[in-house]
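Here's the letter readout for the chains.
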Amino acid sequence: MAYEKKIPVDLDCPLRLTMSLIDSKWKSCILDELRSGENIRPSELHRRLPEAAPRVLDIQLKEMVDDGLVTKTIYPELPPRSEYRITDLGRTLIPIIDSMLRWGEEHFDLFINKYGNK
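Residues numbered from 1 in each chain as written. Predicted model: local features only at pLDDT ≥ 70, side-chain atom pairs only at ≥ 80, totals over all residues. Heavy atoms only, no water.

1. Considerations on the side chain of S28
The topology assignment puts S28 in helix α2 (residues 27-34). For S28, a relative accessible area of 11% corresponds to the buried category. Sequence-distant contacts of S28, defined by excluding residues within four places in its chain, comprise I22, I97 and M100. (Helix = DSSP H or I, 4+ residues; strand = E, 2+ residues; numbered from the N terminus. Buried < 20%, exposed > 50% of the residue type's maximum accessible area, 1.4 Å probe, protein only. Contact = heavy atoms within 4.5 Å.)

2. Re the packing of α2 against helix α6 (residues 94-106)
When two helices pack together, their arrangement is given by the angle between the helix axes and by the axis-to-axis distance. In contact at an axis separation of 10 Å, α2 and α6 are set at 110° when each is read in the N-to-C sense. In terms of orientation, α2 and α6 fall into the roughly perpendicular class. Of α6, the residues touching α2 (which contributes S28, L31 and D32) are I94, I97, M100 and L101. Here the residues of the contact of α2 with α6 sort into five nonpolar, one polar and one charged. (Axes fitted to C-alpha atoms, helices over the stretch in contact; angles between N-to-C directions. Parallel < 35°, antiparallel > 145°, perpendicular 65-115°, else oblique. Nonpolar A, V, L, I, M, F, W, Y, C, P; charged D, E, K, R; others polar.)

3. A look at the nonpolar core
Formed by 20 residues in total, the largest nonpolar core has its most connected members in I30, L31, L34, L69 and V70. Elements with a minimum of two residues in this core: α1 (14-22), α2, α4 (54-67), β2 (81-86) and α6. Ignoring any residue separated from it by four or fewer positions in sequence, one finds I30 in contact with L49, L57, Q60, L61 and M64. (Core = buried A, V, L, I, M, F, W, Y, C linked by side-chain atoms within 4.5 Å.)

4. Comments concerning the confidence of the model for the protein chain
Per-residue pLDDT for the protein chain averages 89, and the proportion of residues at 70 or more is 92%. Averaged pLDDT values for the elements of the protein chain fall to 83 in helix α7 (residues 108-115) and rise to 97 in helix α5 (residues 88-91). (pLDDT = per-residue confidence, 0-100.)

So this is what it looks like as structure tokens:
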């Protein structure tokens, strides 16, 4: 049985549409890791985002491929090897991610006490 999103994409609201593409905890991070344009293997993404469960990353990568934000290349060799790369469409979300990064840096001190070392 294939994975299906629990919440359908809301096409009536551009904000909700955009958020549905990057709303998960890891999709923005995945795009940030792929921003250089290099091909990255799934195992390398797992190493770069160790807090994310591999299954969750795999599901979100599949959704991003389905949405056209990322391409997946599977090489016909044994054992099979695959790589992910950001698409031109995915690259259009980088300014949004950059804004989110700047906001986090600018307001870091406000949240360090709440979410800091516990």
